[in-house]
Amino acid sequence: MLVYALPGTFETREDHLDLLWEAGATGLEERAGLIRAYFDTEVDLPAQIRDGQWQNEADQDWLAAFKANLRPVRAGRVTIVPPWLRTEVESGQLPLVIEPGMAFGTGHHATTRMAVEALGNLDLQGKRVLDVGTGSGVLAIAAALLGAAQAAGVDIDPITIPIARENAQENGVPEGRTVFVEGTLGDELPEQAGDEEFDVLVANLYAELHDLLAAEYVAHLRPGGPLVLTGILTSKLGMVQDALNREGFSGIQVREDGEWVLVTASA
Ligand code: SAM
């Protein structure tokens with residue numbers, strides 16, 4: 001088993017965790033002042049994370065080790081937890097159970113956290129919510145748990161759809177309150193997601209894609225409907241602001257967490 005051991009913790013090196021994932025890490029854990037990143041082969045790493053060491057270690061069940069290090073993640077009035085930590089959710093917090101797996105969205109990324117928190121700040125009672133790039137389904141499921149009448153999650157990656165459905169089930173979301181379909185915004189939204197306007201649209205993608213999809217966001221939001229966008233690096237915020245101004249969005253607000261930004265606006 002190949003491990004790249006980097007001095008620091010998830011907290012002190014939060015900004016560098018993405019670099020490890022982008023370099024091909026298959027798992028990360030924190031142990032005794034080190035971040036341990038699992039790799040299949042040695043790779044060239046960016047300068048910011050070259051202060052670690054490659055180590056060949058005897059095989060162990062890394063998945064079990066990774067799982068053992070997961071902690072609940074608080075996102076406003078919601079706490080995101082893996083199933084085995086459900087009982088650790090503080091009273092008064094809304095538990096959102098996500099099984100860590102192949103799809104992005106366990107809550108351990110700042111963008112997911114900020115998006116869940118932003119959804120918790122909206123009045124979603126009886127609303128229809130569209131989640132573009134649903135991954136694990138975390139944002140659509142959060143919306144349903146926060147009172148949305150229906151939350152539709154779409155993703156271009158087919159692997160995410162059964163995962164999101166299972167996560168919705170794990171959270172006891174009634175059948176039909178969430179619907180997950182393979183696809184994206186474009187010529188037409190997949191029919192099962194409902195082709196009318198939505199009351200709220202949330203998307204954790206990346207700046208270039210928000211720029212490309214901004215006109216679609218208008219087309220799928222009722223006038224005045226809140227838009228919640230994240231996955232945006234601070235360095236690319238201007239691109240998203242320009243796109244939203246171009247498409248006539250108003251009330252643009254920005255929240256930062258490390259190198260990541262969340263933008264809210266109204267259609
Ligand atoms: N919504 C989850 C969260 O907030 O943690 C997952 C977000 S993850 C950063 C982005 C997801 O968007 C991935 O699952 C990816 O497959 C999907 N995706 C990428 N491009 C897309 C597109 N053009 N349309 C729909 N989904 C897309």
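Calculation rules
Residues numbered from 1 in each chain as written. Predicted model: local features only at pLDDT ≥ 70, side-chain atom pairs only at ≥ 80, totals over all residues. Heavy atoms only, no water. Pairing = 2+ DSSP bridges. Helix = DSSP H or I, 4+ residues; strand = E, 2+ residues; numbered from the N terminus. Axes fitted to C-alpha atoms, helices over the stretch in contact; angles between N-to-C directions. Contact = heavy atoms within 4.5 Å. Polar contact = N/O pair within 3.5 Å; in protein donor to acceptor, adjacent residues only side chain to side chain. Buried < 20%, exposed > 50% of the residue type's maximum accessible area, 1.4 Å probe, protein only. Salt bridge = Lys/Arg side-chain N within 4 Å of Asp/Glu carboxyl O. Domains from an automatic or database assignment. Buried area = accessible area lost by both parts, 1.4 Å probe. Nonpolar A, V, L, I, M, F, W, Y, C, P; charged D, E, K, R; others polar. Near = heavy atom within 4 Å. Areas by Shrake-Rupley, 256 points an atom, 1.4 Å probe, with all protein chains shown as cover.

(A) Structural context of the sheet that holds strand β12 (residues 226-233). Pairing within the open sheet is mixed, and its seven strands lie in the order β10-β9-β8-β11-β12-β14-β13. Each having just a single partner strand, β10 (178-182) and β13 (250-257) make up the two edges of the open sheet. Pairwise comparison of adjacent strand axes, ignoring direction, gives a mean angle of 15° for this sheet. Here four bridges tie strand β11 (residues 200-204) to β12, and the two strands are oriented parallel to one another. Paired with V202 across the strands is V228, a residue of β12. Seen against the sheet, helix α6 (residues 207-220) touches β8 (128-132), β11 and β12 and runs at an angle of roughly 170° to β12. Contacts between helix α7 (residues 237-246) and the sheet are confined to β12, β13 and β14 (260-266), with β12 contributing the most and set at about 155° to the helix.

(B) Structural view of the side chain of R13. Within the secondary structure layout, R13 lies in the loop between β1 (2-7) and α1 (14-22). Among the polar contacts listed, one links the side chain of R13 to the side chain of D51, at a separation of 2.7 Å. Not counting chain neighbours up to four residues away, the residues in contact with R13 comprise L6, P7, G8, I35, Q48, I49 and D51.

(C) Here's a closer look at the sheet that holds strand β5 (residues 73-75). Spatially, three strands are ordered β5-β6-β7 in an open sheet, and the strand pairing comes out mixed. Since the sheet does not close on itself, it has two edges, and those belong to β5 and β7 (94-97), each with one partner. On average, each strand axis in the sheet is tilted by 30° relative to the strand beside it, whichever way the strands run. Judged from the four bridges that link them, strand β6 (residues 78-81) and β7 form a sheet pairing that is parallel. The partner of V78 across the bridge, within β7, is L94. Relative to the sheet, helix α4 (residues 138-145) contacts β6 and β7, its axis offset from that of β7 by approximately 150°.

(D) Local environment of α4. Of all eight residues that make up α4, seven are buried, and the element is covered over most of its length. Of all the positions in α4, only V138, L139, A140, I141, A142, A143 and A144 are classed as buried. The first or second residue beyond α4 is G147, which carries a positive phi of 115°.

(E) Focus on the pattern of salt bridges. For the coordinates displayed, the defined rule picks out 14 salt bridges. Note that D211 and R246 form a salt bridge whose closest N and O atoms lie 2.9 Å from each other. Taken together, the positions of D211 in helix α6 and R246 in helix α7 put the pair 35 residues apart, joining distant regions of the chain. Salt bridges here are not isolated pairs; linked through shared partners, they connect E29, R31, R36 and E57.

(F) Geometry of the domain arrangement of the protein. Split into domains, the protein comes out as domain 1 (2-68) and domain 2 (73-266). Each partner contributes to the interface: domain 1 provides five residues, whereas domain 2 provides ten residues. Taken together, the two surfaces of domain 1 and domain 2 that pack against each other cover about 550 Å², and 41% of this comes from carbon and sulfur. At the junction of domain 1 with domain 2, the criterion picks out one salt bridge. For the salt bridge of E14 with R113, the shortest nitrogen-to-oxygen distance reads 3.1 Å. Run the count over domain 1 and domain 2 and you get three residue pairs in polar contact (both at pLDDT 80 or more). Of all the elements in the fold, those that place two or more residues in the side of domain 1 that touches domain 2 are α1 and α2 (62-68). When its residues are assigned to classes, the side of domain 1 that touches domain 2 shows one nonpolar, no polar and four charged.

(G) Representation of the site of the ligand in the model. Taken together, 16 residues sit near the ligand, with T112, G133, D155, T184 and N204 positioned nearest. In this structure, D155 approaches the ligand through a side-chain N or O atom, which is 2.6 Å from an oxygen atom. Between T184 and the ligand, the recorded distance is 2.7 Å, taken from a side-chain N or O atom to a nitrogen atom. Within the complex, the protein chains bury 85% of what would otherwise be the 600 Å² of accessible surface of the ligand. Partitioned by chemical class, the residues of the shell around the ligand number six nonpolar, eight polar and two charged.

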